[in-house]
Amino acid sequence: MLSRSAERIYWLARYIERTENIARLVNVHMNLLMDLPKDVEMGWKQLILINSSDQIFYEKYNVANEKNITRFLLADDTYAGSLFSSLTAARENIRTSRDLLPDEAWEQVNEMYLFAKKNLDTVANRRHRVIFLNEILKGCQRFTGLLSGYMSHNHPYAFIRLGRNMERADMTSRILDLASLLLSESRSDEVRQYETILWMNVLKALNALLMYRQQKHSHVNGDDVLDFLLKNTNLPRSVICCLSEISECIIKLPNNGDLPAKVVELQTYVQAIKTEDTTQAQLRGILDDLQNKIGGLHNEITQNWFLIVSED
Amino acid sequence: MKSIWENYKTDVAYDELMFSEYQSRPVSHQLCRYLDTLKKEDIDKRKAAAELAIMEMGISFTVYSDEGNIDRAWPFDIIPRIIAAKEWRIIEKGLKQRLTALNCFISDVYGEQAFIKAGKMPGEIVNSSKNFRKECVGMKPKHNVWANICGTDLVRDKDGIMYVLEDNLRVPSGVSYMLENRVITKRVFPELFQDIDIQPIDDYPTRLHEMLTSIAPHQNGQVTCAVLTPGIYNSAYFEHAYLAQQMGAQLVEGGDLVVKDDDCVYMKTIQGLEKVDVIYRRIDDDFLDPEVFRKDSTLGVKGLMRAWKAGNVALANAPGAGVADDKVVYAYVPEMIRYFLNEEPILPNVPTYLCSNPDDLEYVLDHLAELVVKPANESGGYGMLVGPHATEKEVASFRDIIKKDPRNYIAQPTLSISTAPTLCKSKLEPRHIDLRPFILQGQDTFVTAGGLTRVALKKGSLVVNSSQGGGSKDTWIINMGDK
C-alpha cells in the first residue's frame, strides 16, 4: 500500500469521525440547554471553548449566540474545524482514494456531502437543525457500517480503524474537558442541581448512557462517568477501548517500529489516572496531558508510515 | 398529446436511429417502440434519475476554465446510440487492422525506417514531428507493440460510411465514461435490457489488466501494475482512479515512484520500497522523466526512461508512440496498411490535404471557407477552424497562421457528421455525434463492443469534445438475429 494512500485513508476516517462527533456534540448540547432553566449561566459559548476555537470565532462573529455558534460549527466553510469543512475534507480524501475502497463508500460520502451542501442554510432553525444533524449521523454510521460489511481486513482497513480511533480518543477527552470546564466555571449551587443532567448529557454525547446504566447500576455521578469514559474496556468510545483498537491496528501493520511500545505506554498512563476525588483543576490538567499524548502518537504514526523519504 | 418526436429533422445529416420523424431504422425499432409507450413526464423522470445517479456516483470531468470547481457532472444523454452487430464486426476488424499497421509503422520509425526508404512517406514528416523521440531509436518493446491503448475517433458521413477521423495513441481518455454510461442506462431503462440483445462492455478493465500483464518484462510470478496519474487536479483523474480500482492496480503519482541505481522502478509503500513491473502512464511523454524530457516536470519520475530502456519496466503506451498520433502521419495510414500488412484498408480515412505539400496548401488557402483545418498535434478540439461556421475575419486570421507554419496544419472537407436523437427539453432533437472505440494491443488485440459516443449538445454544433461542452451517450451494439 502506498504511503500517500495510507495517509489519505487515515485522514478520511478521522474526518468522517470528526463530522459525526461534531454533529453529536451540537445535538446533545442543544438538548442539554433545553433542559436547563433559562437563567443558568451556561450557553452555547462553551462549545467553542472545547477545541479552543473562541479566538477564530470572535474574528468572524460578534455575539456568541445560538445562531452564530451553530453556523460557525456546522456550516462555516471558512472555518477548518466546522462540520462542513470536515465533511468536505473527508470527501476530498475519499475522492482521491477510490482505487482502494468499495464504490458504495465513495457514493455514501458524496451523497452526504451533497445533502449537507444543499441544506447548510437550514441549520439556523432548531427544527431543521435536528433533521440535518440526524441525517449526518445516519450517513456517518452507514459509511462505517458498509466498510465493516464490504471491506477486507487489509492494510487500508487497518488505517481506517486507526484514524477513526485516534479521532475518537481525542474527541472523548475533549468532551470530558468540556464537562469539567462547565463544572469548574459555573459551580454555583444552582448549576450543582443540574450536575446529573450535565453528566447524563456527556454520556449521551458519546452514546454511552445506556451502557453506563447497564454497567454501573448507579445513579449518574461525575467520578463514575469519568472513570467509565476513560477506562471501561467494553465501551467503544472510551479512551482505553480506542487505544486497544489502535494497538490492534498498529500490530497488524508492517514496519511498525516502536509504535506498539508507545501505545502500551499510553494505555498504562490512562489506566493509572485517578478519577476519584480529583479537583476540577487537576482533572483539566490530566485531560490536557492526555490530549497532548494522543497528539504525540499521531505525529509518530505520520513519521513512521506517511513520510517515506527516498534515499537518492 | 404531442409526440416527443414532433418535428424531428433527419434532413441535416445521416441519422443513426431514424429515417424520418415517423420511421425508425431497423436497429432502433425496439427502442422506438418502447419510447412510444412513455409519456413526456416519464421521460423527464428518467432523465432526472440519470442526473441524480451521476451526481451520486460522482462521475466528473474537469473543464479547465471552471475555476475552483474540481469536478463537475458529466453531461449525459439518456437516449442510447445503436449500431447493428453485423456492421460492428466489420468496423472491429478494421480497427484491429489499423492499430496493427500503426504499430508496425512505429516500430519501423524507431528501427530501419523501411517505409520511408521505400518512398512511401517523406522522412521530413517524421523528423519534424514533435512527437518523434530520438531517445527511443533502437528500442524494441514487447510484442513490438508501442501503442497498447488506442482510442480511434470514427464519424459517419452523409453517405452512411464510417470514416476514421483520428487515432489517439498518446493517452486517450473516455473509457471510464463509456463504462459508467452503461451503468446509468441500466439503472434508467432496465426494461430495455430484457428485450434487446445488447453486447456487454464491462470486461474492459479485465482486458486492460490482461494486456498490461502480457507486456511485463518478466513472466515469472506476480506482475505489479500501476496507473500513473498526473494527480487529483487532472481533468481525467476520475478515470485514472476508476481504472486502477477496477483492475486492482495501484494508482500512483510521480512522487510515489523512484528509480534506484539498479535501474528498477519502485513505489513508496508503508512496507518500504516495492518493485513495479508495468506502468499504465496517463502522462504525456514531455512530462514523463525530467532527466530526459522537460526538466521542469514535477509530474514524472526521474530515471523512468533509464529503467524502461534497461528493460526493467514496461510503459504503456511506450514513449515515442505519439509519433503516429499526428494528423499528417494520419494521411499515410492507408498506405501503411498496404505496405506492412499487404491488405486493403477496411475503414477509410477522411480525404486529407497536407499544408506541407505546396499543391495542397494552395488548394486549402483557396477553399478555407469550406474546409475544416486542424493543427497536426493538438488534441481536445483546440485551435481548429471549421470553415463553414467561421466568420470572414476568423478565416483570414487562420490563413496567416497556416502560411507561417504549413507543416503543422492539415485540412479536410467539412463532413456532415451523423446525428442521433437527443433529449432536449422533453423533446427529441437530432444532435451530431462521433464514436471513440478503444483498442488494446499486447499479446492479443481487443476492441470494445462499441465505445464512447460523444454528442455535441449545442444545436448545429459539430464539436463533440467534452472540454468544449460536449456530452456523451451509451452505445449499444445489438444482435438482431443475424449472427
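Residues numbered from 1 in each chain as written. Chains lettered and ligands numbered in written order. Predicted model: local features only at pLDDT ≥ 70, side-chain atom pairs only at ≥ 80, totals over all residues.

Novice: Help me out: how do you make sense of the overall build of chain A in this one?
Specialist: Helix and strand content of chain A: 15 helices and zero strands. Over its C-alpha atoms chain A spans a radius of gyration of 20 Å, differing by no more than 12% from the 20 Å that the globule rule assigns to 312 residues. Relative to its full complement of 312 residues, chain A shows a buried share of 45%. Put simply, of all contacts in chain A between residues at least 6 apart along the chain, 68% involve residues at least 24 apart. (Helix = DSSP H or I, 4+ residues; strand = E, 2+ residues; numbered from the N terminus. Rg over C-alpha atoms; globule rule 2.2 N^0.38 Å. Buried ≥ 20, exposed ≤ 12 C-beta atoms within 10 Å, placed from the backbone. Contact = placed C-beta atoms within 7 Å.)

Novice: Would you explain the interface of chain B and chain A in this entry?
Specialist: In many reports, interface size means the accessible area that the parts give up when they come together. If you look at the interface, chain B gives 20 residues, while chain A gives 22 residues. Elements with a minimum of two residues in the side of chain B that touches chain A: helix H2 (40-57), helix H9 (237-247), strand S5 (250-253) and strand S7 (265-269) of chain B.

Novice: Before we go on, may I ask you to explain helix H10 (residues 195-205) of chain A in this structure?
Specialist: When H10 of chain A is considered as a whole, its buried residues turn out to be Leu 198, Trp 199, Met 200, Asn 201, Val 202, Leu 203 and Ala 205 of chain A. Asn 207 of chain A occupies a position one or two residues after H10 of chain A and carries a positive phi of about 55°.

Novice: What is the right way to read the sheet that holds strand S12 (residues 371-375) of chain B from this model?
Specialist: Backbone-to-backbone hydrogen bonds join strands into a sheet, with any given pair of strands oriented parallel or antiparallel. Residue and element names in this part refer to chain B. Here four strands make up an open sheet; going across it, the order is S11-S14-S12-S13 and the pairing antiparallel. Of all the strands in the sheet, the pair left with one neighbour each is strand S11 (353-354) and strand S13 (385-386). For S12 and S13, the ladder comprises two bridges, and the chain directions are antiparallel. Looking across to S13, one finds that Val 373 is bridged to Leu 385. (Pairing = 2+ DSSP bridges.)

Novice: Explain the domain arrangement of chain A here, please?
Specialist: Residues and elements named next belong to chain A. When cut into domains, chain A gives domain 1 (1-151) and domain 2 (153-306). Each of domain 1 and domain 2 was reduced to a C-alpha centroid, and the two centroids are 20 Å apart. At the interface, 30 residues of domain 1 touch 29 residues of domain 2. Elements that contribute at least two residues to the side of domain 1 that touches domain 2 include exactly helix H1 (3-35) and helix H2 (45-49). No other element matches H1, which puts 18 residues into the side of domain 1 that touches domain 2. (Domains from an automatic or database assignment.)

Novice: Sorry, what's going on with the environment of Leu 100 of chain A here?
Specialist: Residues and elements named next belong to chain A. By the element assignment, Leu 100 lies in the loop between helix H5 (83-95) and helix H6 (103-119). Accessibility expressed as a C-beta count within 10 Å gives 27 for Leu 100, which makes it buried. Residues Leu 100 and Asn 21 lie 79 residues apart in sequence; the distance between their C-alpha atoms is 25 Å. Contacts of Leu 100, omitting those with residues within four sequence positions, involve Ser 5, Ile 9 and Pro 156.

Novice: Would you take a moment to explain the pairing of strand S16 (residues 427-436) of chain B for this structure?
Specialist: On a regular strand, one side chain projects to one face of the sheet and the next to the other, so that they alternate. All names here are of chain B. In terms of burial, S16 is largely enclosed, as eight of its 10 residues are buried. Here strand S15 (residues 419-424) pairs with S16 via six bridges, running antiparallel. Opposite Thr 422, over in S16, you have Glu 429 as the bridge partner. With four bridges connecting them, S16 and strand S19 (residues 452-456) associate as antiparallel partners.

Novice: Sorry, what's going on with the nonpolar core here?
Specialist: As a rule of thumb, soluble globular proteins bury nonpolar side chains together. Counting residues in each nonpolar core, the largest one holds 221 residues, and the members touching the most others are Leu 102, Ile 106 and Ala 147 of chain B. Of the residues forming this core, the biggest block, 14 residues, is contributed by H1 of chain A. Counting residues domain by domain, this core receives three or more from each of domain 1 (1-151) and domain 2 (153-306) of chain A. Phe 76, Ile 78, Ile 184 and Leu 428 of chain B belong to the second largest nonpolar core, which has eight residues in total. (Core = buried A, V, L, I, M, F, W, Y, C linked by C-beta atoms within 7 Å.)

Novice: Hey, could you run me through the sheet that holds strand S9 (residues 278-281) of chain B in this one?
Specialist: Residue and element names in this part refer to chain B. Reading across from one edge, S5-S4-S9-S10 is the order of the four strands in this open sheet, with parallel pairing throughout. The open sheet is flanked by S5 and strand S10 (314-316), the only strands paired with a single partner. The mean inter-strand angle of the sheet, taken between neighbouring strand axes irrespective of direction, is 30°. Note: strand S4 (residues 225-229) against S5, four bridges, orientation parallel. Bridged to Val 227 within S5 is Leu 251. Contacts between helix H8 (residues 204-214) and the sheet are confined to S4, S9 and S10, with S4 contributing the most and set at about 105° to the helix. (Axes fitted to C-alpha atoms, helices over the stretch in contact; angles between N-to-C directions.)

Novice: Explain helix H13 (residues 239-252) of chain A here, please?
Specialist: Structural remark: α-helix, 3.6 residues per turn; residues separated by three or four positions point the same way. Its 14 residues give H13 of chain A an end-to-end C-alpha distance of 20 Å, which sits within 8% of 20 Å, the value for a rise of 1.5 Å per residue. Three or more residues of H13 of chain A are buried, namely Val 239, Ile 240, Cys 241, Cys 242, Leu 243, Ile 246, Cys 249 and Ile 250 of chain A. (Expected span 1.5 Å × (residues − 1).)

Novice: Help me understand the environment of Asp 434 of chain B, please; the structure alone is not making it clear to me.
Specialist: Structurally, the position occupied by Asp 434 of chain B is in strand S16. Taking the C-alpha atoms as reference points, Asp 434 of chain B and His 389 of chain B, 45 residues apart in sequence, are found 18 Å from one another.

Novice: How should I be thinking about the environment of Ser 3 of chain B in this particular structure?
Specialist: Structurally, Ser 3 of chain B is set in the segment before helix H1 (29-36). In this structure, the C-alpha to C-alpha distance between Ser 3 of chain B and Leu 38 of chain B, residues 35 residues apart in sequence, is 9.9 Å.

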